[in-house]
Amino acid sequence: MRIAVVHGPNLNLLGTREPEVYGTATLRDVSREIAALAEALEVEIVEFQSNSEGKILDFLAEVRDTAAGVVINPAGLGHTSVALLDGLLGISRPFVEVHLSNPASREAFRRHSMIAPAAVGTVAGFGVDSYLSGLRCLHNHLLRQRHE
Ligand code: DQA
């Protein structure tokens, strides 16, 4: 089974970006932990980070036929982007929205997610563990779907 993991804008700065909010793990650290869990789950990961919305949309379209589902940290785009919602709906693959921080406990504008209504679920507030839980939950969801 192949699962796509997408990191939105500014997540390339993890480690030095507002460490009091996002912690000190770098994106490479996050990827390493995802890879270790993926190996244990026997899942193949295709991972992508971009600061460009269009590139993220292109990546989603590219993996449409090869990925069973998507774990996505939409970062700021989650709060604003109809195009990202449309891109996710357009590929008809189940996805889990993840956030390192808990947007619900931050500024009011972070409380709204454009993509959450279309997600299987959301995991937020647990740092790297949000990604790992999101991956586990999506994997289980896909396995259950297979057996339906
Ligand atoms: C974030 C939360 C968003 O509100 C913010 O714009 C980000 C990161 C997180 O992982 O906590 O860039 O998605």
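Refer to the preceding data block for the structure.
Scope of this entry: the structure provided in the associated data block. (Residues numbered from 1 in each chain as written. Predicted model: local features only at pLDDT ≥ 70, side-chain atom pairs only at ≥ 80, totals over all residues. Heavy atoms only, no water.)

### Concerning the overall build of the protein
Then, in step 1: Broken down by element type, the protein carries 6 helices and 5 strands.
Then, in step 2: Put simply, the protein runs from its N terminus to its C terminus through helices and strands in the order β-α-α-β-α-β-α-α-β-β-α.
Then, in step 3: For the protein, the C-alpha radius of gyration of 14 Å lies close to 15 Å, the compact-globule estimate for 148 residues.
Then, in step 4: Dimensions of the protein, computed from the C-alpha atoms along their principal axes, are close to 40 × 30 × 25 Å.
Then, in step 5: Counting only residues that meet the buried cut, the protein has 45% of its 148 residues in that class.
Then, in step 6: When contacts within the protein are restricted to residue pairs at least 6 apart in sequence, those whose partners lie at least 24 apart make up 77%.
Then, in step 7: Element-wise, carbon and sulfur atoms account for 50% of the exposed surface of the protein, whose accessible area totals about 7400 Å².
Then, in step 8: Charged side chains of the protein number 13 positive and 17 negative; the gap between the two group centres comes to 1 Å. (Helix = DSSP H or I, 4+ residues; strand = E, 2+ residues; numbered from the N terminus. Rg over C-alpha atoms; globule rule 2.2 N^0.38 Å. Buried < 20%, exposed > 50% of the residue type's maximum accessible area, 1.4 Å probe, protein only. Contact = heavy atoms within 4.5 Å. Areas by Shrake-Rupley, 256 points an atom, 1.4 Å probe, with all protein chains shown as cover. Lys, Arg positive; Asp, Glu negative; His and termini not counted. Charge placed at Lys NZ, Arg CZ, Asp CG, Glu CD.)

### A word on the site of the ligand
Then, in step 1: Every residue lining the ligand is accounted for by Arg17, Tyr22, Asn73, Ala75, Gly76, His79, His99, Leu100, Ser101, Arg106 and Arg110.
Then, in step 2: The contact in question runs from an oxygen atom of the ligand to an N or O atom on the side chain of Ser101, over 2.6 Å.
Then, in step 3: Contact with the protein chains covers 97% of the free accessible surface of the ligand, which is 320 Å².
Then, in step 4: For the shell around the ligand, the per-class residue count stands at 3 nonpolar, 5 polar and 3 charged. (Near = heavy atom within 4 Å. Polar contact = N/O pair within 3.5 Å; in protein donor to acceptor, adjacent residues only side chain to side chain. Nonpolar A, V, L, I, M, F, W, Y, C, P; charged D, E, K, R; others polar.)

### Structural notes on the pattern of salt bridges
Then, in step 1: The tally for this structure, following the rule as stated, stands at 5 salt bridges.
Then, in step 2: Taking the shortest distance from any N to any O, the salt bridge between Glu44 and Arg2 comes out at 3.1 Å. Here Glu44 is found in strand β2 (residues 44-49), whereas its partner Arg2 is found in strand β1 (residues 2-7), with 42 residues between them in sequence.
Then, in step 3: Where Arg110 meets Glu107, a salt bridge forms, and the shortest distance between an N and an O atom there is 2.6 Å.
Then, in step 4: Given the relative accessible area of 36%, Glu107 is considered partly exposed.
Then, in step 5: One network of salt bridges, with partners in common, ties together Arg106, Glu107 and Arg110. (Salt bridge = Lys/Arg side-chain N within 4 Å of Asp/Glu carboxyl O.)

### Here we look at the packing of helix α3 (residues 53-63) against helix α5 (residues 82-91)
Then, in step 1: Two numbers describe how α3 lies on α5: the axes approach to 9 Å, and their chain directions differ by 5°. By the angle class used here, α3 and α5 are roughly parallel. Counted together, Glu53, Ile56, Leu57, Leu60 and Ala61 of α3 and Ala83, Leu84, Gly87, Leu88 and Ile91 of α5 form the full contact between these two elements.
Then, in step 2: Considering only residue class, the contact of α3 with α5 consists of 8 nonpolar, 1 polar and 1 charged. (Axes fitted to C-alpha atoms, helices over the stretch in contact; angles between N-to-C directions. Parallel < 35°, antiparallel > 145°, perpendicular 65-115°, else oblique.)

### What to know about the pairing of strand β4 (residues 95-99)
Then, in step 1: Among the 5 residues of β4, 5 are classified as buried, and the element is accordingly described as predominantly covered.
Then, in step 2: Residues of β4 alternate between two faces, with Phe95, Glu97 and His99 on one and Val96 and Val98 on the opposite face, all of them buried.
Then, in step 3: Bridge count for strand β3 (residues 69-73) against β4 is 3 bridges, and the pairing is parallel. From the neighbouring strand, Val71 faces β4, where its bridge partner is Val96.
Then, in step 4: Where β4 meets strand β5 (residues 121-124), 4 bridges bridge the pair, whose relative direction is parallel. Paired with His99 across the strands is Ala124, a residue of β5. (Pairing = 2+ DSSP bridges.)

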